[in-house]
Amino acid sequence: MRNVEAEALALLSDLVRIDSVNPGLVPAAAGEAQIVEHLRSRLHGSGFVTTVVPAPGRADRPSLVAVSSGPAEWPTLVLNGHLDTVGVAGMPEPFAPRLDGDRLFGRGAADMKGGVAAIVAAAEHLVATKAPVRPVLALVADEEDASLGSEAVIDALPGLGIRPDACLIAEPTDLALSRSLRGFAVVRVSFTGRAAHSSQAELGVNAVTHLGRLLHAVDERAVAVRAGGGDLMVTVAHGGESPFVVPDHAECLVEVRTTAGRSSAGALDEVRSLLEPQWNAAAELVAHRDGWQLDATGPAAGLSRRLGDVLGTGPTFDAPYWMEAPLWQQVCPTLVCGPSGGGLHAVDEWVDVRQVRALASALTAVLSDWRPHAD
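Since the structure is predicted, the reported quantities are computational estimates derived from the model, not experimental observations. Position numbers for residues count from 1 along each chain, tracking the sequence in the order it is written. Only residues with pLDDT of at least 70 get local features here, since the model is predicted, and only at 80 or more are side-chain atom pairs given and counted; chain-wide, interface and lining totals rely on the full set of residues. In computing side-chain values, all of the structure's heavy atoms are included and hydrogens and water are not.

**A closer look at the nonpolar core**
Leu39, Leu137, Leu139, Leu307 and Trp328 are the most contacted members of the largest nonpolar core, which has 84 residues in total. Residue contacts follow a heavy-atom distance rule, with two residues in contact if any of their heavy atoms lie within 4.5 Å. When neighbours within four sequence positions are excluded, leucine 39 is seen to be in contact with Leu11, Leu15, Leu64, Leu83, Val120 and Leu139. Remark: nonpolar core denotes a set of buried residues (Ala, Val, Leu, Ile, Met, Phe, Trp, Tyr, Cys) joined through side-chain atoms within 4.5 Å. Here the term buried applies to any residue with accessible area under 20% of the maximum for its type, exposed to any over 50%, and partly exposed to those in between, with areas from a 1.4 Å probe on protein chains only. In terms of nonpolar packing, the next biggest core, distinct from the first, is built from 23 residues, Ala217, Val225, Leu232 and Ala283 among them.

**Points about unusual backbone geometry**
Negative phi is the rule for most residues except glycine; trans is the rule for most peptide bonds. Cis geometry is found at the peptide bond from aspartate 111 to methionine 112, where omega equals -5°. Each helix corresponds to a stretch of at least 4 residues labelled H or I by DSSP, and each strand to a stretch of at least 2 residues labelled E; elements are numbered beginning at the N terminus. Structurally, the position occupied by methionine 112 is in helix 3 (residues 109-128). The backbone of alanine 28 sits at a positive phi, close to 70°, despite the residue not being glycine. Along the polypeptide, alanine 28 turns up in the loop between helix 1 (4-16) and helix 2 (33-45).

**Structural notes on empty space enclosed by the protein**
The definitions used throughout rest on a 1 Å grid laid over the protein atoms alone, on which a cavity is an enclosed set of points accommodating a 1.4 Å probe that cannot get out and a pocket is an open set flanked by protein within 12 Å on both sides along at least five of seven lines; lining residues are those having an atom within 4 Å of a point. Grid points are joined across faces, edges and corners, and a volume is the space filled by probe spheres set on the points. Summed over the entire model, instances satisfying the criterion amount to one cavity of 30 Å³ or more. Its volume calculated, the largest cavity comes out at about 30 Å³. Lining the largest cavity we find Asn80, Gly81, His82, Met112, Val140, Glu143, Ile169, Glu171 and Glu324. Top element by residues in the lining of the largest cavity is strand 3 (residues 76-82). It accounts for three residues.

**Quick word on the environment of tryptophan 322**
Residue placement: tryptophan 322 occurs in the loop between strand 14 (317-319) and helix 8 (325-329). Classification of tryptophan 322 as buried rests on a relative accessible area of 12%. Remark: the alpha-carbon pair of tryptophan 322 and glutamate 5, spanning 317 residues in sequence, is separated by 29 Å. Tryptophan 322 has contacts with Glu143, Ser147, Leu181, Arg182, Gly183, Phe184, Arg257, Arg289, Asp290 and Leu327, leaving out every residue within four places of it along the chain.

**A word on the side chain of aspartate 111**
Here aspartate 111 shows up in helix 3. Although aspartate 111 lies buried, it forms no salt bridge, and the closest oppositely charged side chain, arginine 107, sits 7.6 Å away as judged by the N-O distance. In protein, a polar contact means a hydrogen-donor-capable atom and an acceptor-capable atom, both N or O and within 3.5 Å, with residues adjacent in sequence counting only if both atoms are side-chain atoms; elsewhere, any N or O pair within 3.5 Å suffices. Within the local environment of aspartate 111, its side chain forms a polar contact with the side chain of histidine 345, the two groups lying 3.0 Å apart. In this view, aspartate 111 contacts His82, Asp84, Thr85, Glu144, Glu171, Pro172, Leu344, His345 and Glu349; residues no more than four positions away in its chain are not counted. His is not counted here, nor are the chain ends, while Lys and Arg score as positive and Asp and Glu score as negative. Here a salt bridge means any side-chain nitrogen of Lys or Arg lying within 4 Å of a carboxyl oxygen belonging to Asp or Glu.

**Here we look at the layout of surface pockets**
Of the volumes computed, that of the largest pocket is approximately 600 Å³. In terms of lining, the largest pocket is formed by 23 residues, of which the most central are Glu143, Glu144, Asp145, Phe184 and Trp322. Mapped onto the lining of the largest pocket, the elements with two or more residues apiece are strand 9 (183-192), strand 11 (249-258) and strand 12 (281-289). Lys, Arg, Asp and Glu make up the charged group, whereas Ala, Val, Leu, Ile, Met, Phe, Trp, Tyr, Cys and Pro make up the nonpolar group; the residues left over, Gly among them, are polar. When its residues are assigned to classes, the lining of the largest pocket shows eleven nonpolar, four polar and eight charged. Its boundaries defined by the atoms lining it, the second largest pocket holds a volume of some 170 Å³. Lining the second largest pocket, in full, are Met91, Pro92, Glu93, Pro94, Ala96, Arg98, Phe105, Gly106, Val347, Asp348 and Glu349.

**Details of the packing of helix 2 against helix 3**
Where helix 2 meets helix 3, the axes come as close as 12 Å, and the angle between the chain directions of the two elements is 15°. On the basis of the axis angle, helix 2 is roughly parallel to helix 3. In this structure, helix 2 crosses over helix 3, and the sense of that crossing is right-handed. Residues Ile35, Leu39, Arg42 and Leu43 of helix 2 form the contact with helix 3, whose own contacting residues are Lys113, Val120 and Glu124. Residue composition of the contact of helix 2 with helix 3, by class: four nonpolar, no polar and three charged. Angles run from 0 to 180 degrees between N-to-C directions of axes, and those axes are lines fitted to C-alpha atoms, restricted for helices to the stretch in contact. Each angle gets one of four labels, with under 35 degrees taken as roughly parallel, over 145 as roughly antiparallel, 65 to 115 as roughly perpendicular, and the rest as oblique. Working rule for handedness: look at the near helix, and if it is turned counterclockwise from the far one by less than a right angle, call the crossing left-handed; if clockwise, right-handed.

**Side note on the sheet that holds strand 17 (residues 350-352)**
The four strands are arranged 4-5-17-16 in an open sheet whose pairing can be described as antiparallel. Every interior strand has two partners, whereas the edge strands, strand 4 (98-100) and strand 16 (341-342), have only one. Strands are treated as partners if at least two bridges between them are detected by DSSP. Sheet analysis places strand 5 (residues 103-105) next to strand 17, joined by three bridges and oriented antiparallel. Bridge pairing in strand 17 links phenylalanine 105 to tryptophan 350. Along the sheet, helix 3 contacts strand 5, strand 16 and strand 17; its crossing angle with strand 17, the most-contacted strand, is approximately 45°. Against the sheet, helix 9 (residues 353-367) makes contact with strand 4, strand 5 and strand 17, and its axis sits at roughly 55° relative to strand 17, the strand it touches most.

Have a look at this one:
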């Protein structure tokens, strides 16, 4: 008899031991190849058909799709998690899992190898017990940077014959069901001035001064944005090249957090409204992702209720940050629920192993007789 909770914890330690730092964040980092191969080999041995899906033009950035066998009429659920982590600067032993009571420490333990371990163990258990459900594991690269992995996997699903009824993302939520998440946008603002000797500043146009005025304007506008549930701030700023020269160029990145239901593309107009003509500033939208809300009805809503009943939680978590739920929502109804801990992206990252065990157990119980269109 399989012990799904014990298998989830053993796999968690195995995954933490594998360096999968995202090279998009840390140049020359290991990336996802080794962890994908580890999981591919394991899942192949557990009866899954596995497909490695590289990001377009990036064979070194693979994701993994593992499909269980079963009749086409069985309900199909995508279980999604990301395999990449942020960097490990300042961590003495980032890939040595350390258990202290109910806390397992290590890079990626909470974000999100704990969730990955739980969904893999649960999927293996469902296959081993011949439960009438088709779990599809979508274990992706690059969530921490540009979402290359999920985008590649989503594009590959039709060719693999996968038409999911719903998707569960096991990102850390303290096992609450995510009710919403905010979108984001990054706007680059460039200021063009005129260089001059700093002893004759009146002959030049100081681009850094104009940058400073925008910083002040952003801080003033942020009060109203935050009152509406969003956020607005400058996160990167630089200008000038040397002393004794009036700077002729300055630049900053303005970050906007948007509430669910509001297009993040509108952030460009938000930032442009703060610019004065005499600043000679140009703004461009660098990146943006819309927010997301859990469906009120349908397969994801029904599954979230059943999962919440088993876990003793509910749809109470409004994520202040972005996750990949909006991408998967374009494919099928999506929900987010996973184990948490502390120190996400910090040097003391840990996951609560009780929550890892609970999610693995709850998924096996709920999915063993799941009927997505009966809720």
